[in-house]
Amino acid sequence: MAGKARKKPSEPVEFRSQALAEALERQDMAAVALALRHGNTVVPLIKPGPRDRPLDGGEVWTYRDPNTGEVALLLFSDAAHKPANLPPAVGLQSPAWLKSFLRRYESTITTVFLDIAGPHPMQAPPAELLKALEA
């Protein structure tokens, strides 16, 4: 069977980032930046991507404050930390995606919440996260 690549059964995708969870627990912005730069991030989706490619596609959900019109991006270290009142679907996004998304919507997004409902929430301006991702 030389020349034929055997397909390995795919590992189930884990919708969490242990490094980000630990950085948030310590409330350490440098460690959060490092975790975001080198690991995937869980995001709520309005519309999920293809079921067999969880790292590909989907439409990210953002929160718009009805009183101020301000827009927040919500990121999670673990899908289990996403509040039930948000859209049910989640996606796993790469550091390159996060950098591109923040760059594209930097003038629209006013803040980024990480694990907004806990257990260790943090908040940062998009420009600060972009700077951390580009370091």
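Attention here is on the structure that accompanies the text. These numbers come from a predicted model, not from an experiment.

How each quantity is defined
- Residues numbered from 1 in each chain as written.
- Predicted model: local features only at pLDDT ≥ 70, side-chain atom pairs only at ≥ 80, totals over all residues.
- Heavy atoms only, no water.
- Buried < 20%, exposed > 50% of the residue type's maximum accessible area, 1.4 Å probe, protein only.
- Helix = DSSP H or I, 4+ residues; strand = E, 2+ residues; numbered from the N terminus.
- Contact = heavy atoms within 4.5 Å.
- Polar contact = N/O pair within 3.5 Å; in protein donor to acceptor, adjacent residues only side chain to side chain.
- Salt bridge = Lys/Arg side-chain N within 4 Å of Asp/Glu carboxyl O.
- Phe/Tyr/Trp six-rings, centres within 6.5 Å; stacked < 30°, edge-to-face > 60°.

### Focus on helix H2 (residues 29–38)
Given 3.6 residues to a turn, an α-helix orients residues that are three or four positions apart in the same direction. Every buried residue belonging to H2 is among Ala31, Val32, Ala33, Ala35 and Leu36, and all of these are buried. Where the residues of H2 are buried, they touch helix H1 (18–26), strand E1 (41–47), helix H3 (95–105), strand E6 (109–114), strand E7 (122–124) and helix H4 (126–134). Structurally, the start of H2 carries an N-cap: the backbone nitrogen of Ala30 is 3.1 Å from a side-chain oxygen of Asp28.

### Section: the pattern of salt bridges
Pairs can form between side chains of opposite charge once their charged atoms are near each other. Counted by the stated rule, this structure contains two salt bridges. Salt-bridge contacts for Asp78 lead to Arg16; the nearest nitrogen and oxygen are separated by 2.8 Å. With Asp78 in the loop between strand E4 (71–75) and strand E5 (89–93) and Arg16 in the segment before H1, this pair connects stretches of sequence that are 62 residues apart. On the basis of relative accessible area, Asp78 is assigned to the buried category, the value being 13%. A relative accessible area of 29% places Arg16 in the partly exposed class.

### Comments concerning the packing of aromatic side chains
Applying the stated criterion across every chain yields a total of three aromatic pairs. Between the aromatic rings of Trp97 and Phe101, the centroid separation amounts to 4.7 Å while the plane-to-plane angle is 25°, which identifies the pairing as stacked. One end of the pair is Trp97 and the other is Phe101, both in helix H3 and four residues apart, which spans about a single turn. For Trp97, a relative accessible area of 21% translates into the label partly exposed. Owing to a relative accessible area of 13%, Phe101 belongs among the buried residues under this scheme. Summarising the aromatic geometry, the rings of Phe101 and Tyr105 are spaced 4.8 Å apart at their centres and angled 50° between planes, so their arrangement reads as tilted. On the criterion of helical spacing, the pair formed by Phe101 and Tyr105 is a turn pair, its members being four residues apart in helix H3. By the ring-pair criterion, three or more aromatic residues cluster together here, those being Trp97, Phe101 and Tyr105.

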